[in-house]
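Remarks on the overall topology
Here is how the chains run, residue by residue.
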Amino acid sequence: MPAPVIVATDLVKKYKDFAAVDGITFEVAPGESFGLLGPNGAGKSTTMRMIGAVSTRSSGSLSILGLDPNEHGPAIRSQLGVVPQQDNLDTELRVRDNLLVYGRYFGLPRAQVAARADELLEFAQLSDRAKAKVDDLSGGMKRRLTIARALINEPRVLLLDEPTTGLDPQARHILWDRLYRLREQGTTLVLTTHYMDEAEQLADRLIVVDKGRIMAEGSPASLIREHSSREVLEVRFGSERNATAAADLAGIGDRLEVLPDRILLYAHSGEEALAEVTRRGLEPITSLVRRSSLEDVFLKLTGRSLIE
Amino acid sequence: MSAVTAEPRSHARAWFVTEHKIRAMRGYTGTIIATTIGTPLLYLFAFGVGLATLITSNVGPVPGISYLEFVAPALLATAAVLVAMEEYTFGILLGLKWNPIFVGMNSTPLTARQIVDGLMLFIGIRMLITTTVYFVVMLAFGAVPSGWGILTIVAGMLGGFAFAPVAAYSATIQEDRGQFAILQRTVILPLTLFSGTVFPLTQLPAFLQWIGWLSPLWHASELGRQFVYGPTEPIWLTVAHVVYLLALGVIGWQLCVRTVARRLNK
Ligand SMILES: Nc1ncnc2c1ncn2[C@@H]1O[C@H](COP(=O)(O)OP(=O)(O)OP(=O)(O)O)[C@@H](O)[C@H]1O
Ligand SMILES: [Mg+2]
């Protein structure tokens, strides 16, 4: 097996007494697409900053591309591409100029940066916006520009902190498509998200984090297999009757989860579970059978929804 | 690993930050040219021609030296200080907070030191342009009797440099609660008034003169005067001006590197 590009062991980041990252251990193999899935405040961005060699860990060990970020920050960063949660494009510069100045930071010659900038504008579907002001771009375009910027040095590892948060579905799909291509080209991706569909789409393997700790680890499919049933039946009885109805549903399927607005029944077959519900004389206002998702895994592991 | 050995040296990286800032400045070329040329014209005219006529036959406080010659080096130093202050305050907080380009720079191989070094170099270039234009206008007004006069450019730039501790302070500001306006009113404005710029420090009551001795602007103005029509003071004092200005600048610069580094390492 090739040497991992990232090895984190008992990684901790403390802000005063508060542990934002509280002892996490994982490895990322070259070419892999690795996800961190977790709710707000889980410690995803903090972890990403430590991997990005800009934030010093409080304890534990960390190796990026075989180097310790405490000693070799600049050398590590020269081989990373970073898409931060908050865009930090220079709004005083035009679109293409943002790529030019950024490329220079890696010590690349001017001509090479210029050629690469044009390729990346093409890749990000922003060629016709090259001379536009950054502020005039839509959210999705800014995000694509930030990703293009992160690729200017042909990084070995691309770090993406919530690449699509705040984008509409169409913009998200364009971005996913671009990230797919990078994966095919062998770039190692590390991404955080609190969208389970994004994690399922983009990550080969992921860790579910909550309150700075790892709750589970595996491929999206194996996590679902391990922590959830094949299907889920969602029934709604109206917020008043939810709790009482739950008592009558006991025993249907493997497990049941009562949320404020609906009840989730975990079963191998959602249709059979629904038949049983009706047989017991209960009449839900609406019912829906769907496949299990990472959201269900998360709910089981933490007792909370991913997006509150 | 080839990527590691191919690292350009540290000062080369700092230059990329300077390059970036220059490129960003291009958007304001018009305004910058207008203020860089307009300010010295306006001030030298107002003080040297306008105010000077009120002062009996344009005689300055130094025998044989006109009021215009007396005031011009101080105005040049003030202009350098104002340019530098703009970057030490807004330039720093822009990069750290309002449009956090320093955070973006720091995710590349650039270190906090290189970012600050690059910014200081950029400020140096801005001050050089401003003071050079000022000097040329001074020449045009016939306000430079001595052949050493061109060194007043250096004096002005040292004056601006000496305000670098303000940059270190700006880098500690988390929330903008009008600190810069307060700084402007309680520190910068009194300094420009009581630093022997438009009248000699000795005109002030003794209990106010210490403001001038502490003020980098006084030291820069006096230094500039030595070059423009001096010497009018013992050489040790001239050396003291230089040492004082350099010391403040270097201390502020290093403090700024440290605060920016701490702030970027979240
Ligand atoms: N610089 C800091 N100082 C103090 N506390 C911090 C700092 N940065 C993060 N935290 C805290 O650490 C915890 C984890 O934050 P982090 O930004 O890593 O979460 P996240 O998983 O990225 O959340 P989100 O989905 O909202 O982006 C939060 O409770 C946050 O308030
Ligand atoms: Mg985050």
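Summarised in this report is the structure supplied together with it. (Residues numbered from 1 in each chain as written. Chains lettered and ligands numbered in written order. Predicted model: local features only at pLDDT ≥ 70, side-chain atom pairs only at ≥ 80, totals over all residues. Heavy atoms only, no water.)

Quick look at the interface of chain B and chain A
As a reminder of what qualifies: Any two residues whose heavy atoms approach within 4.5 Å at even a single point are treated as in contact. Accessible area that two parts lose when put together, with a 1.4 Å probe and added across both, is what the buried area reports. The salt bridge definition used is simple: a Lys or Arg side-chain nitrogen within 4 Å of an Asp or Glu carboxyl oxygen. The definition of a polar contact used here is a pair of N or O atoms within 3.5 Å, where within protein one atom must be able to donate a hydrogen and the other to accept one, and adjacent residues in sequence count solely through side-chain atom pairs. Each helix is a run of H or I in the DSSP string that is no shorter than four residues. Each strand is a run of E no shorter than two, and both are numbered from the N terminus. Gly counts as polar in this scheme, as do all residues outside two lists: the nonpolar Ala, Val, Leu, Ile, Met, Phe, Trp, Tyr, Cys and Pro, and the charged Asp, Glu, Lys and Arg.
Opposite the 29 residues of chain B that make contact, chain A presents 30 residues. For the pair chain B and chain A, the summed buried area comes to about 2600 Å², and 53% of that belongs to carbon and sulfur atoms. Counting the surface chain B buries against chain A, the share from its top three residues, B:Arg23, B:Ser107 and B:Lys266, is 22%. Seen at the junction of chain B and chain A, the total is 3 salt bridges. Across the salt bridge formed by A:Asp97 and B:Arg23, the nearest N and O atoms sit 3.4 Å from each other. Connecting chain B to chain A are 16 residue pairs in polar contact (both at pLDDT 80 or more). Here the side of chain B that touches chain A gets 7 residues from one element, more than from any other, and that element is helix H2 (residues 10-25) of chain B. Of the residues in the side of chain B that touches chain A, the class split is 16 nonpolar, 8 polar and 5 charged.

Overview of the pattern of salt bridges
Residue and element names in this part refer to chain A. Where we set the bar: The classification of residues rests on relative accessible area computed with a 1.4 Å probe and restricted to protein chains. Under 20% of the type maximum is buried, over 50% is exposed, and intermediate values are partly exposed.
The final tally for this structure, using the stated rule, is 30 salt bridges over all chains. A salt bridge links glutamate 198 to arginine 172, with the nearest nitrogen and oxygen atoms 3.9 Å apart. Linking glutamate 198 in helix H7 (residues 196-202) with arginine 172 in helix H6 (residues 169-184), this pair joins segments that are 26 residues apart in sequence. The pair glutamate 198 / arginine 172 is uniform in exposure class, with both members buried. Between arginine 255 and glutamate 257 there is a salt bridge; the shortest N-O distance is 3.0 Å. Look at the salt bridges and you will find they share partners, linking Glu234, Arg236, Asp261, Arg262, Arg290 and Asp296 into a network.

A short note on the side chain of B:Glu87
Residues and elements named next belong to chain B. For glutamate 87, the location among the structural elements is in helix H4 (residues 67-98). Note on glutamate 87: relative accessible area 8%, which makes it buried. A distance of 2.9 Å separates polar atoms of two side chains, one belonging to glutamate 87 and the other to arginine 126. Among residues more than four places away in sequence, those in contact with glutamate 87 are Lys21, Ile92, Leu119, Phe122, Ile123 and Arg126.

Points about the packing of helix H8 (residues 220-227) of chain A against helix H11 (residues 294-302) of chain A
Residue and element names in this part refer to chain A. Worth spelling out the cut-off: Angles shown run from 0 to 180 degrees and are taken between the N-to-C directions of axes, each axis being a line fitted to C-alpha atoms and, for helices, limited to the stretch in contact. Oblique is the label for any angle not covered by the other classes, which are roughly parallel (under 35 degrees), roughly antiparallel (over 145) and roughly perpendicular (65 to 115). Note on convention: the crossing is left-handed when the near helix lies turned anticlockwise from the far helix by less than a right angle, right-handed when the turn is clockwise.
At a minimum axis separation of 9 Å, H8 and H11 run at an interaxial angle of 50 degrees. Compared by their axis directions, H8 and H11 come out oblique. Classified by chirality, the crossing of H11 by H8 is left-handed. From H8, Pro220, Leu223, Ile224 and His227 reach across to H11, where they touch Leu294, Val297, Lys300 and Leu301.

Describing unusual backbone geometry
Residues B:Gly230 and B:Pro231 are joined by a peptide bond in cis, for which omega reads -5 degrees. Mapped onto the secondary structure, B:Pro231 falls in the loop between helix H11 (216-229) and helix H12 (235-264). Positive phi outside glycine occurs at A:Glu162, with the angle close to 50 degrees. Mapped onto the elements, A:Glu162 comes out in the loop between strand S6 (157-161) and H6. Relative accessible area serves as the criterion here: at 4%, A:Glu162 is assigned to the buried category.

Description of the site of ligand 1
Residues and elements named next belong to chain A. Worth spelling out the cut-off: Whether a residue is near a molecule or strand depends on its heavy atoms: if one lies within 4 Å, it is near. A 1.4 Å probe and the Shrake-Rupley method give the accessible areas. Residues count as covered only by the protein chains that appear here.
Residues in close proximity to ligand 1 total 15 residues, the closest being Gly41, Lys44, Ser45, Thr46 and Gln85. Alanine 42 has a polar backbone atom sitting 3.1 Å from an oxygen atom of ligand 1. For ligand 1, an oxygen atom lies 2.9 Å from a polar atom in the backbone of glycine 43. When isolated, ligand 1 has an accessible area of 640 Å², and the protein chains bury 67% of it. Of all elements in the fold, only strand S2 (18-28) and helix H1 (44-51) reach the threshold of two or more residues within the shell around ligand 1. Among the elements that make up the shell around ligand 1, the one with the highest residue count is H1 (4 residues). Here the residues of the shell around ligand 1 are counted per class, giving 5 nonpolar, 7 polar and 3 charged.

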